[in-house]
Amino acid sequence: MNENLDFAMEIFKNETLLEFKGVLKTEHFPGMRERLYSAVEGSNKIYFVNIEQARFKDKAYLSMFLEYLNFVRGKDSELVFIFHNEDCAKFFGPFFNIFKIHDSKESYRKNTGFWEKLKAAGITYQRSTGLRLAPGVAIVFFILLAGWLLTLFSIISSQDKDIRDREMLLTELQNKYVRSIQALEYLKASVAPLKSMGFEVDTSGKTPLGAISEWDEFLRERERFR
């Protein structure tokens, strides 16, 4: 890393690019602050601050950038930091959800909208640091995930109980069917002697076995043959 501090500025139609290279020490603080503030002109502009090749040796720069962000917003403009190195990511870590940080100007234009809404909600993504959630967002996300899992387990448990109940009912019906078949076979065997004597006995199930009319006829026939 070059110890000398280099500064460059490019002005476009409604954009201004400020690029810093080198190690930013405490003695560079006043000069960098002056360059940043003097570059702000007019309103409804976008100020890109490229610090990809810069390294900060003083935490006071974070406070300065926060003040500068409020100043730019007061001009109805936007402040966008350009970097994707790990050192800058760690330096801006405490305020990652406050600043707009992108890998390049093209990345900012491409992701403006969806990613900005996520960032406003406390969700940020950088190639060097991956996906980051603000503490509040992480808690809400955890609660929602836990609720979703509990709901899923509850549905699975309810369906499992319903399946077991249906299996028990099916088993009970099958047992009743088997007992009915056995009872029918027993009744058929019981009335076999009556059939051998010439009595018409309905075992089809249309007329209940042992009906009173059948027994009346049986008794009359029995008396007749005595």
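The structure we're discussing is the one just above.
Residues numbered from 1 in each chain as written. Predicted model: local features only at pLDDT ≥ 70, side-chain atom pairs only at ≥ 80, totals over all residues. Heavy atoms only, no water.

J.: Honestly, the overall build of the protein in this entry has me stumped. Any pointers?
T.: Regarding its fold elements, the protein presents seven helices and eight strands. A buried classification covers 27% of the 226 residues belonging to the protein. Long-range pairs, those at least 24 residues apart, make up 58% of the contacts in the protein with a sequence separation of at least 6. As displayed, the protein has an accessible area near 15300 Å², and 58% of this comes from carbon and sulfur atoms. (Helix = DSSP H or I, 4+ residues; strand = E, 2+ residues; numbered from the N terminus. Buried < 20%, exposed > 50% of the residue type's maximum accessible area, 1.4 Å probe, protein only. Contact = heavy atoms within 4.5 Å. Areas by Shrake-Rupley, 256 points an atom, 1.4 Å probe, with all protein chains shown as cover.)

J.: Help me out: how do you make sense of the packing of aromatic side chains in this one?
T.: Pairs of aromatic rings are described using the distance from one ring centre to the other and the angle between the two planes. Using the criterion set out here, one finds 17 aromatic pairs in the structure. A centroid spacing of 5.6 Å and a plane angle of 75° characterise the contact between Phe91 and Phe92, whose relative ring orientation is edge-to-face. By the ring-pair criterion, three or more aromatic residues cluster together here, those being Phe29, Phe56, Tyr61, Phe65, Phe81, Phe83, Phe91, Phe92, Phe95 and Phe99. Lying over the aromatic face of Phe48, Lys105 brings its terminal NZ or CZ to 5.7 Å of the ring centre. (Phe/Tyr/Trp six-rings, centres within 6.5 Å; stacked < 30°, edge-to-face > 60°. Lys NZ or Arg CZ within 6 Å of the ring centre and 35° of its normal.)

J.: I keep staring at the side chain of Glu15 and nothing clicks. Help me out?
T.: If you trace the backbone, Glu15 turns up in strand S2 (residues 15-24). Looking at Glu15, the relative accessible area reads 11%, which means it is buried. In this structure the side chain of Glu15 is engaged in a polar contact, spanning 2.7 Å, whose partner is the side chain of Arg109. The contact partners of Glu15, leaving out residues within four places of it in the chain, are Glu10, Ile46, Phe48, Lys105 and Arg109. (Polar contact = N/O pair within 3.5 Å; in protein donor to acceptor, adjacent residues only side chain to side chain.)

J.: Where do I start with the environment of Asn44 in this structure?
T.: Structurally, the position occupied by Asn44 is in the loop between helix H1 (29-38) and strand S3 (46-50). On the accessibility criterion, Asn44 (55% relative accessible area) is exposed. Along the backbone, Asn44 and Glu15 are 29 residues apart, and their C-alpha atoms lie at a distance of 9.3 Å. Apart from the residues lying within four places of it in its own chain, the contact partners of Asn44 are Asn14, Lys75, Asp76 and Ser77.

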